[in-house]
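Listed below, chain by chain, are the residues.
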Amino acid sequence: MNQTTFPKKYNPKDTEEKINQFWEKNKIYKFDKKNTKKKIYSIDTPPPTVSGKMHLGHLFSYSQMDFIARYKRMSGFNVFYPFGTDDNGLATIILIEKTNKIRAKDTDRDKFTKLCLKTLEKIRPQYIRSWKKIGLSADFNLFYTTINKHCREISQKSFIDLYKQGRIYRKKTPIMICPKCKTAIAQVELEDVEKKTYLNYIKVPIIKTNKYLVFATTRPELLPACVGMSVHLDDERYKKFIGKKVKMPITNAEIEITEDENIDIKYGTGIAYFCTYGGVEDIDWITRNQEIKPINIIDINGIYNEKAGKYAGMTSLQARAKIINDLKKIGCLIKQEEIKHTVNTHERCGTDIEFVATEQFFIKYLDLKNKFLKAGAKLKWHPEFMKNRLDNWIKGLKWDWCISRQKNFGVPIPVWYCKKCGNIILADEKQLPVDPLKDKPISEKCTKCGCNEFVPEKDVLDTWATSSLTPQIAASLIPERFNEIYPFDLRPQSHDIITFWLFNTLVKSQLHNNINPWKCVMISGWALDPKGEKMSKSKGNVIEPQLMIEKYSADALRYWAAKSKLGDDLAFKEEYLKNGMKLCIKLWNASKFVISNLEKYNLNEIKHSNPEILDIWIIEKTNITIKTATNYLDKYEYSQAKKQIEFLFFNVFCDNYLEFIKYRIYRDEMTNSKKSALITLNFVLFDILKMFAPFIPYITEEIYQLYFRQTNAKKSIHLCDWPKIKHYKNKNEFLETGDLFCNIIAQIRQYKNKNNLSLKTKIKNIKISLETQQEKQLIEKIIADIKGVGVVENISFDVKKNEK
RNA sequence: GGGCGGAUGGUCUAGCUGGUAUGACGUUGCCCUUACAAGGCAAAGGUCGGGAGUUCGAAUCUCCCUCGGCCCACCA
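Residues numbered from 1 in each chain as written. Chains lettered and ligands numbered in written order. Predicted model: local features only at pLDDT ≥ 70, side-chain atom pairs only at ≥ 80, totals over all residues. Heavy atoms only, no water.

## Digging into the overall build of chain A
- Each helix and strand in chain A was counted, giving 23 helices and 27 strands.
- For a compact globule of 804 residues, the expected C-alpha radius of gyration is about 28 Å, and chain A comes in at 35 Å, more than 25% above that figure.
- The long-range fraction of contacts in chain A, counting pairs at least 24 apart against all pairs at least 6 apart in sequence, stands at 77%.
- As displayed, chain A offers around 37,000 Å² of accessible surface, 49% of which is attributable to carbon and sulfur atoms.
- Charged side chains of chain A number 133 positive and 96 negative; the gap between the two group centres comes to 2 Å. (Helix = DSSP H or I, 4+ residues; strand = E, 2+ residues; numbered from the N terminus. Rg over C-alpha atoms; globule rule 2.2 N^0.38 Å. Contact = heavy atoms within 4.5 Å. Areas by Shrake-Rupley, 256 points an atom, 1.4 Å probe, with all protein chains shown as cover. Lys, Arg positive; Asp, Glu negative; His and termini not counted. Charge placed at Lys NZ, Arg CZ, Asp CG, Glu CD.)

This is how it looks when you write it as structure tokens:
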């Protein structure tokens, strides 16, 4: 047997770097596409955005999915674990603009996309390095970026398929836009912020009377778009005015007072005025009052148009200031009351959203709410209660999915319009991916009118329209095994995007294939700052994972990530990283001790036919841990599994077993008890290492390579089999005896402690108290061990109660 | 307003298909024991947010209340 010198100290920094290169060079995590014997376990890995940096939250949730991936790999699965990046959104635009000093607005879309792909190609390796560094065992060659050809093609194909199904429609409709980003935004992109504003009380004369009404509004600038005014039927103050008309100041428009049961009598003056469109309630109202024509005064860019009269060319904010001034001048503004209210803003830029009527593409799905609820219920949720969030969301959906975006970057909507008749011409599947701005439809003439001139659609698809296809995108990287990969076994992701990524993916899969995209979902929580608060740049409490890896090691960070229960948020505390390091150091030292002793002998030559009681005891303890840890991991409860393994290692193996066998293996002559100890040490340590491997992959690999690799065919510990249970007869008796033994050793330790004695000090006599006579019988078999381990010459027993 | 999850020694945390509580950090004492001083051994410390109920028995089940958290909906 080769003698390896086990390094005295563990150096995580160098080791992790070295191990990483080893993994990469030997393609340890490569998906074996030719292997048809192993069952595939497929993971729909979340694609992060290259434009960002890896943050602690990433580290947290990717580590958690990696525990499962590694466990499944060791359990004999052929793990399909791709890694993509999501690069067709605003963040990418900003990055490309910055790096290349250009503006997307002023650049040809095709050129910008190419430039983007080129830039991403350049910066990607550095970015992905972070993910490799945390020990992610994905196959990085199963790669996609949501803006590449492969993804554009699949995304456009999805559009065409849904269009043909009649699921996609184009409609002029009020839609939320961000006046700053100048694009349509979806419900999920909203963030509500509480803001201070003024509730303005405005006086309007009632026509043909000398009376007037006062209504209150936070959006006075929409006055030119006012189309209605309502009061509640039960409102004694206003009941009599229903059916009368008022004359709006400034515009002189005549508005009829109507009755509407949704009016809150207590809010403002109890009179609501409706503009097209100030908010959801305006849209609701106009849907209830079909005969009323909207006045669209805001354009898609957020600027007021000619219908706004003198306010044309302004933004809402500018118009508001001006109109308040004008109302004051003519004496119509009675008062302004400062209030706090919640406004919907665009989550990316914080700008208040506007409602504007524009032509947009929608995926029709409101009619399928029940189908989606049922589909959600079919998924196995871990943790289970997270399903409520999806249900809640589906039940609350109000609009179809608006999938067009007015941006000059993204996946182009594969559509042209006939110049003459406006007929929509879909791209042909054969020509995908297509860019209507530069490509022409395959059919040269409009099928309706025969015209041969086409207007390209300028809009692109919502980023979620593409990222909701990650299962199809990833699985089609290995087309020949598509059907074994899809539906995926697992979708891991964090809870904040259940309502979009998870939901949208489910929707697409249901619409295209009528099945769920995955069998089960694993929802992770958030990484919080040490105080338990959300990390954000503005708060300045962001923790750099890279710095922490430098300081403590990736294994320590992963150890921290394994601390939280699945789905729970977890505060980041350096103390936990220290615990992680402590475990690594302990694992290193214990392995050093065990291996340095094992290395002295050729284990194959040591044959023992008679295992000692305490050796069977530790094997049985290991068996129990294997069983419970396996159960927990099968339920995705990695934190419980880790806890069990850690307990076995620290409290049973190190604190007790290693101490128990020292006196045996320190002997020079090769006795049976020494042989038994060596053999047991060998495989218990190996089992422990294997169980730790999914959590702390670096140090376990290093120890494997230093010793166990010599006698194992597998190149890496991560390719080894997950430990199996060894069977012994009468294991309960061994368990009982071993546990009792621990108890007695504890008594001896206590005795020495009380008497300020070192543990190795030999004592002549000690009295041990036992509970029953039966215990005494068990103990007699291992009296020699007690004397040896406890360093005692004579032992007497004091039995508390006698058995009948 | 609707929904979901929490509240356990000084701090963080496990347990929650019921039988007086897990571990870590911190604190104190002992030990420089041939794996480990970022150590080992040992000790002190909690009756499980409050109230009621079910039960022989509840941190664990039911109901109510209080206080955080998250998701969703919210106003002219």
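Right, picking up where we left off after that structure.
## Quick notes on the protein's contact with RNA strand B
- Contacts to RNA strand B come from 48 residues, most closely from D264, Y267, Y273, Y576 and Y666.
- When atoms of RNA strand B within 4 Å of the protein are sorted by moiety, sugar and phosphate together comprise 71%.
- R389 is positioned with one of its side-chain polar atoms (N or O) 3.1 Å from a sugar or linking oxygen of RNA strand B.
- Contacts to RNA strand B include K398, whose side-chain N or O atom sits 3.1 Å from a phosphate oxygen.
- Of all elements in the fold, only β8 (212–217), β12 (272–275), α6 (280–288), β13 (333–346), α9 (387–396), α16 (574–598), α18 (638–665) and α21 (731–754) reach the threshold of two or more residues within the surface near RNA strand B. (Near = heavy atom within 4 Å. Polar contact = N/O pair within 3.5 Å; in protein donor to acceptor, adjacent residues only side chain to side chain.)

## A word on empty space enclosed by the protein
- Summed over the entire model, instances satisfying the criterion amount to 1 cavity of 30 Å³ or more.
- A volume near 30 Å³ is recorded for the largest cavity.
- S155, S158, F159, L162, I168, I363, I403, L461, A465 and K508 together form the lining of the largest cavity.
- For the lining of the largest cavity, a count of residues per class yields 7 nonpolar, 2 polar and 1 charged. (1 Å grid on protein atoms, 1.4 Å probe; cavity = no way out; pocket = protein on both sides within 12 Å on 5 of 7 lines; lining within 4 Å. Points joined across faces, edges and corners; volume = space filled by probe spheres on them. Nonpolar A, V, L, I, M, F, W, Y, C, P; charged D, E, K, R; others polar.)

## Section: the sheet that holds strand β23 (residues 518–524)
- Taken together, 3 strands build an open sheet; the order of strands is β15-β23-β22 and the sheet is parallel. Each of the sheet's edge strands pairs with one partner strand only, and the pair in question is β15 (380–382) and β22 (488–494). In this sheet, adjacent strand axes meet at a mean angle of 20° when their direction is disregarded.
- Helix α2 (residues 56–74) contacts β22 and β23 of the sheet and is inclined by roughly 135° relative to β23. (Pairing = 2+ DSSP bridges. Axes fitted to C-alpha atoms, helices over the stretch in contact; angles between N-to-C directions.)

## Some thoughts on the layout of surface pockets
- Computed from the structure, the second largest pocket encloses a volume of approximately 1,300 Å³.
- Lining the second largest pocket are 47 residues, with T218, R219, G278, E281 and H341 sitting closest to its centre.
- Taken together, the elements giving at least two residues each to the lining of the second largest pocket come down to β7 (190–205), β8, β12, α6, α7 (316–329), β13 and β14 (354–363).
- Sort the elements by how many residues they give to the lining of the second largest pocket and α6 lands first, with 5 residues.
- Its residues assigned to classes, the lining of the second largest pocket shows 17 nonpolar, 16 polar and 14 charged.

## Section: the confidence of the model for chain A
- Per-residue confidence for chain A gives a mean pLDDT of 89, with 98% of residues at or over 70.
- For this predicted complex, the interface confidence comes out at an ipTM of 0.93, alongside a pTM of 0.88. (pLDDT = per-residue confidence, 0-100.)

## Some points on helix α8 (residues 369–378)
- If you check which residues of α8 are buried, you get F372, L373, A375 and G376. For α8, the arc enclosing every buried residue in end-on projection is 165°, short of the 170-degree limit, so these residues lie on one face. Seen from the open side of α8, the exposed residues pointing more than 90 degrees away from its buried face are N370, K374 and K378.
- The elements touched by buried residues of α8 are β15, α9 and α13 (498–513). (Buried < 20%, exposed > 50% of the residue type's maximum accessible area, 1.4 Å probe, protein only. Arc of directions from axis to C-beta.)

## A few points about the domain arrangement of chain A
- Per the domain assignment, the segments making up chain A are domain 1 (184–354) and domain 2 (573–796).
- Look at where the C-alpha atoms of domain 1 and domain 2 centre, and you get two points 75 Å apart. (Domains from an automatic or database assignment.)

## Quick notes on the packing of α16 against helix α19 (residues 672–692)
- With their axes 10 Å apart at the nearest point, α16 and α19 run at an angle of 150° to one another. Taken together, the axes of α16 and α19 are roughly antiparallel relative to one another. In terms of crossing hand, the pair formed by α16 and α19 is left-handed. Contacts between α16 and α19 involve L583, L587, S591, V594, I595, N597 and L598 from the former and L678, L681, N682, L685, L689 and F692 from the latter.
- Across the contact of α16 with α19, the residue classes break down as 10 nonpolar, 3 polar and no charged. (Parallel < 35°, antiparallel > 145°, perpendicular 65-115°, else oblique. Left-handed = near helix turned anticlockwise from the far one by under 90°.)

## Side note on the nonpolar core
- Counting residues in each nonpolar core, the largest one holds 158 residues, and the members touching the most others are W560, F649 and F653.
- Counting residues per element, this core draws most heavily on α18, at 14 residues.
- When residues are assigned to domains, this core turns out to be shared by domain 1 (184–354) and domain 2 (573–796), each giving three or more.
- Leave out the neighbours within four places in its chain, and W560 touches L56, L59, F60, A527, L570, A571, F572, K573, Y576 and L577.
- Counting 63 residues, the second-largest nonpolar core is a separate cluster that includes F80, C151, F159 and F503. (Core = buried A, V, L, I, M, F, W, Y, C linked by side-chain atoms within 4.5 Å.)

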